[in-house]
Amino acid sequence: MAKIDNPTNTVQAEVEPGLLALRAVILARGYGYSASMITGTMAAALAANASVFSMRLDPAASGGHAKAYVERIRLKFTTLVAFTTPVTAGRRLELYRGSGITPSGGAAGVVMPKKGATDTSEISIANGGDIRIATTGALTMTGGSFEAGPIRGMSLSHVGAAGGFYDCLWEFHATKNQPIQMDAGQVLAVRSPVAFDAGGTWQLQVDVDWHEATEATYAG
Amino acid sequence: MKIQNRDGTRTMDVEPGLAAARYAMEKQAGYGYCVSGITGTVGAMAANVSVFALRNGEAMQGKSGEAAGVLVIDRMRLKFTGLSTSTGLVGERLALYRGGGALQSGGTALVPSPKRANTRASAVRATLGATANISTTAALTVTGIVFEAAHIRAMMIQHNVLAGGFDEVIWEFSDYENAGLVLLPQQLVAIRAPVGTNANRFWQLQVDVDYREINRLPNSNF
């Protein structure tokens with residue numbers, strides 16, 4: 001009867017009594033990272049298609065960091081000063097992927113490795129990537145282009161009064177579906193498909209979880 | 001017995017203490033996509049109209065030796081916003097139905113995004129006679145579509161009667177938690193209003209969908 005050994009033959013996998021199922025532990029693939037950032041007081045009248053958060057994988061990313069797999073983005077939106085029309089149809093933020101884009105402006109972000117203190121992420125500015133969030137105005141996104149369709153949306157029609165708050169989770173986790181894959185040089189950005197009106201100021205917090213790994217060559 | 005990779009350079013480890021085989025799951029089977037859209041300001045709806053639809057454009061018969069692919073919906077997230085103060089009607093709701101027989105039209109055509117930019121184009125595309133559509137201000141055209149009798153999921157809106165009222169639901173079908181919602185070739189899902197909505201109700205709906213497209217195995221019933 002075959003038994004599953006570890007590489008040095010010191011531990012064997014156990015079959016669970018009662019269930020007669022192989023015991024297994026799930027380990028996160030690749031190298032795990034997170035980042036948490038918040039805008040300043042965003043000025044009123046954000047233009048259409050402005051970017052307020054972006055992360056870019058190092059164009060030279062390779063090996064064990066060749067791809068970034070974004071598993072979860074959580075956004076928390078707060079209205080600070082009421083919009084001129086508090087309930088406005090179509091007001092929203094959306095997530096887009098793009099390529100060939102160089103982001104700048106705003107505040108640079110810090111990547112936190114899930115394990116250990118050494119920042120090995122290819123999203124980190126120090127390692128050739130980029131991650132940033134707006135302070136009071138839109139980020140500058142130079143060159144390249146975004147894909148036509150949004151990946152996710154965050155409807156903000158209902159949170160136009162001062163103190164209005166909405167917590168939105170964009171979940172891509174592998175066990176639920178598939179993470180968003182970023183290739184070297186690709187950008188993910190939170191953008192405003194429509195202009196915001198001239199009255200409202202607001203704040204956005206963004207939390208992101210992702211891992212970096214080689215491409216799953218043998219995956220279906 | 002040791003489990004190794006293809007060239008024998010790595011051997012699967014066993015977690016000490018737990019005596020459990022280690023594995024790392026990267027993703028579920030198939031090609032992953034998502035699509036996101038939002039209505040315009042929608043007015044009163046007649047019973048059984050559709051405001052969102054997504055259709056699997058795969059041909060009924062695949063290439064020689066292959067079976068046509070299925071589309072598996074893992075998750076739908078709906079965000080409903082009331083844009084006017086209205087009089088709620090008992091039973092006002094939006095519900096998910098599956099159907100087939102024709103292609104929906106009207107509203108705004110949506111563009112699916114592949115989870116991997118370099119993957120194949122989704123079967124939800126116009127060149128395959130399939131699209132995803134969401135209403136702008138009125139119902140989609142669903143002429144010729146026959147829906148199954150029972151709805152799959154529902155979102156109550158009868159309580160959401162104030163301007164600025166908001167509700168968010170997740171319709172979760174993930175294989176990991178239960179079973180994905182399968183669309184065979186040429187089938188579609190639609191979000192419909194089983195009962196009419198009140199004449200003074202104006203509203204907006206945002207829809208996010210995660211789905212995968214999987215090649216069916218010959219001789220399987222998947």
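First, a word on what this report is: a plain description of the structure on this page. (Residues numbered from 1 in each chain as written. Chains lettered and ligands numbered in written order. Predicted model: local features only at pLDDT ≥ 70, side-chain atom pairs only at ≥ 80, totals over all residues. Heavy atoms only, no water.)

**Some thoughts on the packing of aromatic side chains**
All names here are of chain B.
- This structure, assessed with the given rule, holds nine aromatic pairs over all chains.
- Ring geometry for Tyr33 against Tyr211: centres 5.5 Å apart, planes inclined by 25°, an arrangement best described as stacked. Residue Tyr33 is located in strand S3 (residues 31-38), and its partner Tyr211 is located in strand S15 (residues 203-214); the two are separated by 178 residues in the primary sequence.
- Residue classification places Tyr33 among the buried residues on the basis of a relative accessible area of 1%. (Phe/Tyr/Trp six-rings, centres within 6.5 Å; stacked < 30°, edge-to-face > 60°. Helix = DSSP H or I, 4+ residues; strand = E, 2+ residues; numbered from the N terminus. Buried < 20%, exposed > 50% of the residue type's maximum accessible area, 1.4 Å probe, protein only.)

**Section: the interface of chain A and chain B**
- Taken together, the contact between chain A and chain B spans 57 residues of the former and 59 residues of the latter.
- Taken over both partners, the interface formed by chain A and chain B buries close to 5,000 Å², and the fraction arising from carbon and sulfur atoms is 54%.
- Two residues, Arg152 of chain A and Asp210 of chain B, come together in a salt bridge whose shortest N-O distance is 2.3 Å.
- Across the contact surface, chain A and chain B share 28 residue pairs in polar contact (both at pLDDT 80 or more).
- Per-element accounting of the side of chain A that touches chain B gives the leading share, five residues, to strand S13 (residues 165-171) of chain A. (Contact = heavy atoms within 4.5 Å. Buried area = accessible area lost by both parts, 1.4 Å probe. Salt bridge = Lys/Arg side-chain N within 4 Å of Asp/Glu carboxyl O. Polar contact = N/O pair within 3.5 Å; in protein donor to acceptor, adjacent residues only side chain to side chain.)

**Concerning unusual backbone geometry**
- Positive phi, normally seen in glycine, also occurs at Asn49 of chain A, with a value near 65°.
- Turning to its location among the elements, Asn49 of chain A is positioned in the loop between strand S2 (31-38) and strand S3 (50-56).
- Look at Ala19 of chain B: it is not a glycine, yet its phi comes out positive at around 50°.
- Of note, Ala19 of chain B is situated in the loop between strand S1 (14-15) and strand S2 (20-23).
- The class of Ala19 of chain B is buried, set by a relative accessible area of 16%.

**Concerning the nonpolar core**
- Counting residues in each nonpolar core, the largest one holds 44 residues, and the members touching the most others are Met55, Phe77 and Trp210 of chain A.
- For Met55 of chain A, the contacting residues outside a window of four places in its chain are Val70, Ile123, Asp130, Ile131, Met182, Gln186, Val187, Leu188, Val208 and Trp210 of chain A.
- Counting residues in hydrophobic clusters, the runner-up holds 34 residues, among them Tyr33, Leu54, Leu96 and Val189 of chain B. (Core = buried A, V, L, I, M, F, W, Y, C linked by side-chain atoms within 4.5 Å.)

**Section: the pattern of salt bridges**
- On inspection of all chains with the given rule, the structure shows 23 salt bridges over all chains.
- Note that Arg75 of chain B and Glu172 of chain B form a salt bridge whose closest N and O atoms lie 3.7 Å from each other. Placement of the pair is Arg75 of chain B in strand S5 (residues 70-82) and Glu172 of chain B in strand S12 (residues 166-172), with a sequence separation of 97 residues.
- One salt bridge in this structure joins Asp210 of chain B and Arg75 of chain B, with 2.3 Å as the shortest N-O distance. Of this pair, Asp210 of chain B sits in strand S15 while Arg75 of chain B sits in strand S5, placing them 135 residues apart in sequence.
- The class of Arg75 of chain B is buried, set by a relative accessible area of 4%.
- Linked by salt bridges that have partners in common, Arg152 of chain A together with Arg75, Lys115, Glu172 and Asp210 of chain B make up one network.

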